[in-house]
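Each chain, letter by letter, is given below.
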Protein chains: 4
Amino acid sequence: MATEPQQRSALDTGRVETLADGVFAIAMTLLVFNINVPSLVHAAELPSKLFALWPRVLSYVISFVVLGVYWIGHHNQFAYIRRADRLFLWINILFLMCVAFIPFSAALLGQYPSQPIALVEYGANLIVVGAVLFVHWRYATSGRRLVDPKLDPALIRMASRRILRAPVAYVGAVALAFISVPVSLAIYALVPLLYILPGRIDQYWGRQPGRPPLTGAGSRPRNGG
Amino acid sequence: MATEPQQRSALDTGRVETLADGVFAIAMTLLVFNINVPSLVHAAELPSKLFALWPRVLSYVISFVVLGVYWIGHHNQFAYIRRADRLFLWINILFLMCVAFIPFSAALLGQYPSQPIALVEYGANLIVVGAVLFVHWRYATSGRRLVDPKLDPALIRMASRRILRAPVAYVGAVALAFISVPVSLAIYALVPLLYILPGRIDQYWGRQPGRPPLTGAGSRPRNGG
Amino acid sequence: MATEPQQRSALDTGRVETLADGVFAIAMTLLVFNINVPSLVHAAELPSKLFALWPRVLSYVISFVVLGVYWIGHHNQFAYIRRADRLFLWINILFLMCVAFIPFSAALLGQYPSQPIALVEYGANLIVVGAVLFVHWRYATSGRRLVDPKLDPALIRMASRRILRAPVAYVGAVALAFISVPVSLAIYALVPLLYILPGRIDQYWGRQPGRPPLTGAGSRPRNGG
Amino acid sequence: MATEPQQRSALDTGRVETLADGVFAIAMTLLVFNINVPSLVHAAELPSKLFALWPRVLSYVISFVVLGVYWIGHHNQFAYIRRADRLFLWINILFLMCVAFIPFSAALLGQYPSQPIALVEYGANLIVVGAVLFVHWRYATSGRRLVDPKLDPALIRMASRRILRAPVAYVGAVALAFISVPVSLAIYALVPLLYILPGRIDQYWGRQPGRPPLTGAGSRPRNGG
C-alpha cells in the first residue's frame, strides 16, 4: 500500500522530473553530433583536420557543462517543490523547449566561433533558459504555492540570486560579443565555475549529511545514518 | 517487502509509462535537428540566413508544445489506469509509433511551410495521435476495464471530450490548408492553448491539493499534508 | 529503511531494465530519421515525392512493431527473473547491441526494399535478437539459476516456445527473400501478429487480475484490490 | 511516509544515476548512426558495399561493449556510494562528457581504421573515461567520504585496481598504434574480456545471493529470500 505507482497524479512532480532527465541526457549526448569526422583527400591531412575541429570541441565542452549547471539547478529546485499545477507543468515544458534548443546554438557556435551573431544567439538561448528557471522557482515559491509552507525565506532569496548569476553573466557575454569575441567566449567558458566552486549555499549542504541543499529546515534527510 | 521491483508484471503500467516518457523526451529533443546551421559563402550572410530559419523554429515550437500536450494527456490517463492487458500494451505501442513520427512531420512543415500538403500531413499525424489517445482512454474505461470500478462516469466523459478537442481542431486546420495556409498554421499554433489555459476539469485539480486531476473520488492523495 | 535506492547492487535487475528501456525507446524513436524530407526542384513534386517514401514508412512501421514485440518479450522475462550475475549482464549487453542495430537494418530495408540482400540482412538482425532473447531466458531459468525455484516448468517451456516463434518465422522470410520479395516482406509484416493476438499464455494473464503473465504461482499480485 | 519522491536532495545519488543511464543508453544506441546505408550506382553493388562496412561494424561492436564495461563499472560503484556532494556531481558530469564523446571517436575509428591517429584518439578517449572513473571511486572512498565507513579497505583497493585495467591496456594500444594497427585494434577488441570473464572479485558476487559485488559487509541483501 505504501507504494502505489499507478496513483501518480497530474500534481505529482515525479513525471516532470523523468521527462526533464530524459531531455537533458539526450541534449547532452547529441552535442557530440555537432563534431563531424572530417572527409579527407589525402590520409596525411587527418591530424590537421582533426585539430581544426577544436572550436567545435570547445563548444561541446562549454555546452555540456552549461547543461550540467542547469540540470543541477532544475533538480535542486525539486528538492523543495512538493506538488505541481497546470501552469507549472507548462513552465517546465517551456523550460525543456529552451534546453532542447541548446544543441542548435552549440552547433552554431562551434561552426562560426568568430561570428558575433553566433555568440549572441548562443547567449540568448542560455539567458532564456536561465530566466525560465528563475520564473520556475519564483512561481513555485511565491506565496509558498508549491513548496513547504515553512521553507526558509532567506533560502528562497539565496536560491533566486544564485539562479540569476548565469543569465546576468551571459548578458555581459552577449554585449561583449561585438567588442571582443575571445572575451565573450571566455565568459561562456568561465560562468559554470560560479556553480562548480563551493559557495555560501554549500553551508547548507555541508552542515548535516543527507540534508537537501537549500534549506536547513522542514525536510527529512534521506540517508540519515 | 513493500518494494519489490522485480515483481513488475506484464499487467503493471509502470513499464509502459517509462517507455512513453523515453519516446516523448527523445522526440521532443530531436526536433531541434530539423534546424540546420546554415552554410555560408560570405560571413555577412549569417544573420539573414539565420532569420530565414524562422519557419523551422516555428515548427519546432509548435511541435514541442503539441508533444507536451499529448504527453500530459497520456500521463493524466495513467493517474486512473490500474492495470494493463495485451491489447492495451499494443494500443500504447501504436500511440508511441505515431508520436515518434511527429519529428518527420515537423521537419516537413518546417521545410515547406507554404505547401498545403505539408500542413495536411502534419495535421493528419496529429489527428491520428489524438484519435489513438482517445481509443486508449475508451478502451481503459469502457466497462471500467482497466480503471477503478468506482471512477466517476461524469469524469470519464469529461476527459473523453477534452481529449477530442485537439484532433477535432486539427481536422479544421487540415481542411483550411487548401484555402489559407496562414489560417491553418494559426490553428496549429493556437490549439495547445485549449490545454494550457485553465478549464472546467481544473476544478478537480484545485478542489483538494494532492488529488489526481480527473476524479473527485476513489483515489488517495499522495501529498496529503 | 524500506527504500534504500543506494543499495542497488550488481545483482539487482532494475539497472539492466532501465538501460534496456532507454535503448528501446531511442531505437524506436530514431527509426523516423530514416525517412528524410524530400528535396524538390518544383513545389508540385511534393505529393509524389512524399508518396515515394512508402517503403521507408513501411519499414518504419514494421520495425517499430518488432521493437515493441521484443521489448514486451524482454520485460515479461523480468517479471520472473529475481537476480543477475556477471554473464547475465553481458547477455543483456549483447541483446541491446543487436537491438540497437535494428535502425540500420530498417534503413537498409526502407532504402532497398526490392533487394533480397536487404531483406536477408534485416531478417538476420531480427533472428539474432530473437536468439539472444531465447538464450537470455534459458540462461536465467536453467536450473532455476536466476528465477524463483518454484517457477512452474510448464510455463518455462511455454515461454521458450513463444520466444522462438519470431526467429523461426524470420528464417522463413530470409529463405524466401531470394524467391519472392513480396512474400518475404509480408512475413516481416505479419510476424508481430503472433504476439499481438491473444494466445494460450494469456490464460495466465486473464485468470487473475494483477498477476504476472507467465506463472500462476509464486508471485504476489501488485494491484490486488 | 516511507516514499517521498519529492524529498530527493542534491545529496541523493539517484538523480546522477538516472542521468548516467540516459547518457549511456543514448551513446550506445547512436553508435549505429556511424554506419550509413551505402548509395549505389548499380543494384549489384549492394553486397560488396555492405561488406565494405565491416570496419564500422567492428567499431560499433567494440564501442558498444566498451560502453557496457564502463556502464557496469559506474553502476557497481554506486552500490557502495551513499551520498553525493557538489564536487562529486561535477566529477560525474565530467565522466558523462567523456562518455558522450565516444560516438565521435567510434565514428573516427570506423571511418579511418588504418590511420594511427584514429586509433590514438579512440584510445585517448577511453583512457580519459577510465581515469575519470578511477578518480570518481577514489574521491568517493578516500577517507570514506561518500561511502559506508565500514566498507572493507581490501575491497576498495581491489575495485581500484580493477578499474585501472582498461586504461592501462589502452595506453598499450595507443603506443602500439604507430607500430602495428592490427595489434592495436586487437587490444581494443580484447580488453572487455578482462571484465566479462569471471575474476577474483566475483567471489564476492557468488558467495551470497543478493549481495553487492564489491563488499562482503555492511550491506543488506535486497532479494534475501
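From a predicted model like this one, the values you see are computed outputs, not experimental measurements.

Q: Can you walk me through the overall build of chain A in this structure?
A: Looking only at helices and strands, chain A features 10 helices and zero strands. Moving toward the C terminus, one meets the helices and strands of chain A in the order α-α-α-α-α-α-α-α-α-α. By the burial criterion, 61% of the 225 residues in chain A qualify as buried. Long-range contacts, defined as pairs at least 24 residues apart, comprise 72% of the intrachain contacts of chain A with a sequence gap of at least 6.

Q: Please clarify how helix 5 (residues 102–111) of chain A should be interpreted in this entry.
A: Note on helix geometry: an α-helix contains 3.6 residues per turn, so any two residues three or four positions apart are oriented the same way. Of all the 10 residues making up helix 5 of chain A, nine are buried; the element is thus mostly covered by neighbouring parts of the structure. Listed as buried for helix 5 of chain A are I102, P103, F104, S105, A106, A107, L108, L109 and G110 of chain A. The inward-facing, buried residues of helix 5 of chain A contact helix 1 (14–30), helix 3 (54–78), helix 4 (86–99), helix 6 (116–141) and helix 8 (181–190) of chain A together with helix 2 (46–51) of chain B.

Q: Sorry if this is basic, but what is going on with the pattern of salt bridges here?
A: Should the charged atoms of two oppositely charged side chains come close, the side chains can pair. All names here are of chain A. Using the criterion set out here, one finds four salt bridges over all chains in the structure. For R82, the salt bridge goes to D148, with nearest N and O atoms at 4.0 Å. Of the two residues, R82 is situated in the loop between helix 3 and helix 4 and D148 in the loop between helix 6 and helix 7 (153–177); the sequence distance between them amounts to 66 residues. Judged by its relative accessible area of 16%, R82 is buried.

Q: Explain the packing of aromatic side chains to me, please; I cannot follow it from the model alone.
A: Each pair of aromatic rings is reported with the distance of its centres and the angle of its planes. Applying the stated rule across the entire model yields 36 aromatic pairs over all chains. Between F78 of chain A and F88 of chain A, the ring centres sit 6.0 Å apart and the planes meet at 65°, which makes this aromatic pair edge-to-face. With F78 of chain A in helix 3 and F88 of chain A in helix 4, this residue pair connects regions lying 10 residues apart in the sequence. Taking the centre distance of 5.8 Å and the plane angle of 50° together, the rings of Y60 of chain B and F64 of chain B count as tilted. Placement of both Y60 of chain B and F64 of chain B in helix 3 (residues 54–78) is noted, with a separation of four residues, approximately one turn of the helix. Its guanidinium or amino end placed over the ring of Y139 of chain B, R145 of chain B lies 4.0 Å from that ring's centre, counting from NZ or CZ. Lying over the aromatic face of W71 of chain A, R15 of chain D brings its terminal NZ or CZ to 5.1 Å of the ring centre.

Q: Please explain the side chain of S63 of chain A as it appears in this structure.
A: Residues and elements named next belong to chain A. Assignment of secondary structure puts S63 in helix 3. With a relative accessible area of 0%, S63 lands in the buried category. Not counting residues up to four positions away in its chain, the partners in contact with S63 are L31, I102, A106 and Y122.

Q: Can you help me understand the packing of helix 3 of chain A against helix 5 of chain A in this one?
A: The relative placement of two packed helices is expressed as an angle between their axes plus a distance between the axes. Residue and element names in this part refer to chain A. Packing of helix 3 against helix 5 brings their axes to within 8 Å, and their N-to-C directions diverge by 150°. When the interaxial angle is binned, helix 3 and helix 5 end up roughly antiparallel. Seen along the crossing, helix 3 lies across helix 5 with a hand that is right-handed. Each of P55, R56, S59, S63 and L67 in helix 3 lies in contact with helix 5, whose residues at this interface are I102, A106, L109, G110 and Q111.

Q: I'm lost on a nonpolar patch on the surface in this one. Help?
A: A contiguous nonpolar surface patch, about 350 Å² in accessible area, is contributed by F51, W54 and L58 of chain A. As for its position among the elements, W54 of chain A is in helix 3.

Q: I tried to follow unusual backbone geometry on my own but got confused; where do I start?
A: Glycine aside, a negative phi is what most residues show, and trans is what most peptide bonds show. In this structure, R144 of chain B takes a positive phi of about 50° despite not being glycine. Here R144 of chain B is to be found in the loop between helix 6 (116–141) and helix 7 (153–177).

Q: In this structure, what is going on with the confidence of the model for chain A? I would like to understand it.
A: Interpreting fine coordinate detail is not advised for predicted regions of low pLDDT. All names here are of chain A. The share of residues in chain A with pLDDT of 70 or more is 83%, and the mean pLDDT across the chain is 85. Contacts of residues 1–8 to residues separated by more than four positions or lying in other chains number 22 contacts, the stretch itself having pLDDT below 50. Scored below 50 in pLDDT, residues 206–225 makes 51 contacts in the model with residues more than four places away or belonging to other chains. Predicted complex metrics record ipTM = 0.85 and pTM = 0.88.

Q: Help me understand the packing of helix 3 of chain A against helix 7 of chain A, please; the structure alone is not making it clear to me.
A: All names here are of chain A. Put simply, helix 3 and helix 7 touch, their axes get as near as 10 Å, and they point 150° apart. One element, helix 3, and the other, helix 7, form an angle in the roughly antiparallel class. Seen along the crossing, helix 3 lies across helix 7 with a hand that is left-handed. For the pair helix 3 and helix 7, the contacting residues are V66, Y70 and Q77 in the first and I163, A166, P167 and Y170 in the second. Classifying every residue of the contact of helix 3 with helix 7 by side-chain character gives six nonpolar, one polar and no charged.

Q: Got a minute to help me understand helix 8 of chain A in this structure?
A: Residue and element names in this part refer to chain A. Taken together, the buried positions of helix 8 are occupied by V181, S184, L185, I187 and Y188. On an axial view of helix 8, the arc spanned by its buried residues comes to 155°, and they lie on one face. Of the residues in helix 8, the exposed ones pointing more than 90 degrees away from the buried face are P182 and L190. Looking at the buried residues of helix 8, the elements they touch are helix 3, helix 5, helix 6 and helix 7.

Q: Is there a simple way to think about the environment of G172 of chain D in this case?
A: Tracing the backbone shows G172 of chain D in helix 7 (residues 153–177). Each C-alpha atom of the pair G172 of chain D and R145 of chain D lies 33 Å from the other, and the pair is 27 residues apart in sequence.

Reading the values: the criteria
- Residues numbered from 1 in each chain as written.
- Chains lettered and ligands numbered in written order.
- Predicted model: local features only at pLDDT ≥ 70, side-chain atom pairs only at ≥ 80, totals over all residues.
- Heavy atoms only, no water.
- Helix = DSSP H or I, 4+ residues; strand = E, 2+ residues; numbered from the N terminus.
- Buried < 20%, exposed > 50% of the residue type's maximum accessible area, 1.4 Å probe, protein only.
- Contact = heavy atoms within 4.5 Å.
- Salt bridge = Lys/Arg side-chain N within 4 Å of Asp/Glu carboxyl O.
- Phe/Tyr/Trp six-rings, centres within 6.5 Å; stacked < 30°, edge-to-face > 60°.
- Lys NZ or Arg CZ within 6 Å of the ring centre and 35° of its normal.
- Axes fitted to C-alpha atoms, helices over the stretch in contact; angles between N-to-C directions.
- Parallel < 35°, antiparallel > 145°, perpendicular 65-115°, else oblique.
- Left-handed = near helix turned anticlockwise from the far one by under 90°.
- Patch = residues over 30% accessible without salt bridge, like charges linked within 9 Å, V, L, I, M, F, W, Y side chains within 5 Å.
- Areas by Shrake-Rupley, 256 points an atom, 1.4 Å probe, with all protein chains shown as cover.
- pLDDT = per-residue confidence, 0-100.
- Nonpolar A, V, L, I, M, F, W, Y, C, P; charged D, E, K, R; others polar.
- Arc of directions from axis to C-beta.

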